[in-house]
Amino acid sequence: MSIVTARIKRKNRIRKKLSGTTERPRLTVYKSLKHIYAQVVDDTTGRTVAYASSLSKELKGKDEGDKKEDAKRVGRLIAEKAKAANVEAVVFDRNGFPYQGRIAAVADAAREAGLKF
């Protein structure tokens, strides 16, 4: 079994139990080798409430080569955008990735910026 297949199996197992509502949408995080992406999704309506990534125009030019710092900036940005959309609390979806490194950095930065988990 490849690494990607194992992550997809973990993702599906987690998503069976995890769902975002209008009051408490789902904050999902995805990481590639170069970038990190986060979005707040309301699963009842199927709507993305807020989106941020290391490619977002607000973060352009702030890339210092440290991927963990990029993840922290994405976490702060997604928290700001979620609060602007009147979202105070979210359910965290790590998307099958281990809760460490850049995934944890996004979650911690969003928590510090005022988003409740």
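Scroll up to find the structure.
Everything quoted here is computed from the prediction, not taken from an experiment. (Residues numbered from 1 in each chain as written. Predicted model: local features only at pLDDT ≥ 70, side-chain atom pairs only at ≥ 80, totals over all residues. Heavy atoms only, no water.)

(A) Local environment of helix 3 (residues 101-112). In a regular helix each residue adds 1.5 Å, so twelve residues correspond to 16 Å; helix 3 covers 16 Å between its end C-alpha atoms and thus fits that length. On the buried face of helix 3, the contacting elements are strand 1 (26-31), strand 2 (36-42), helix 2 (67-84) and strand 4 (91-93). Directly after helix 3, the chain includes glycine 114, whose backbone phi takes a positive value near 110 degrees. (Helix = DSSP H or I, 4+ residues; strand = E, 2+ residues; numbered from the N terminus. Expected span 1.5 Å × (residues − 1). Contact = heavy atoms within 4.5 Å.)

(B) A look at the pattern of salt bridges. The full count for this structure, using the stated rule, is seven salt bridges. Arginine 15 serves as the salt-bridge partner of aspartate 43, at 3.8 Å between the closest nitrogen and oxygen. Placement of aspartate 43 in the loop between strand 2 and strand 3 (47-53) and of arginine 15 in helix 1 (residues 3-17) is noted, with a sequence separation of 28 residues between them. Of the residues examined, arginine 15 reaches a relative accessible area of 28% and is grouped as partly exposed. For aspartate 93, the salt bridge identified is with arginine 26, shortest N-O distance 3.0 Å. Highlighted residues: aspartate 93 in strand 4 and arginine 26 in strand 1, separated in sequence by 67 residues. For the pair aspartate 93 and arginine 26, a shared accessibility class is recorded, and that class is buried. Through salt bridges with shared partners, one network takes in Arg15, Arg26, Asp43 and Asp93. (Salt bridge = Lys/Arg side-chain N within 4 Å of Asp/Glu carboxyl O. Buried < 20%, exposed > 50% of the residue type's maximum accessible area, 1.4 Å probe, protein only.)

(C) Inspection of the nonpolar core at higher detail. Leu27, Val29, Val40, Ile78 and Leu115 are the most contacted members of the largest nonpolar core, which has 24 residues in total. Residue assignment for this core shows that the elements contributing at least two residues are strand 1, strand 2, strand 3, helix 2 and helix 3. At six residues, the largest contribution of residues to this core is made by helix 2. Setting aside residues up to four positions removed in sequence, isoleucine 78 forms contacts with Leu27, Ala38, Gln39, Val40, Ala50, Tyr51, Ala52 and Ala110. (Core = buried A, V, L, I, M, F, W, Y, C linked by side-chain atoms within 4.5 Å.)

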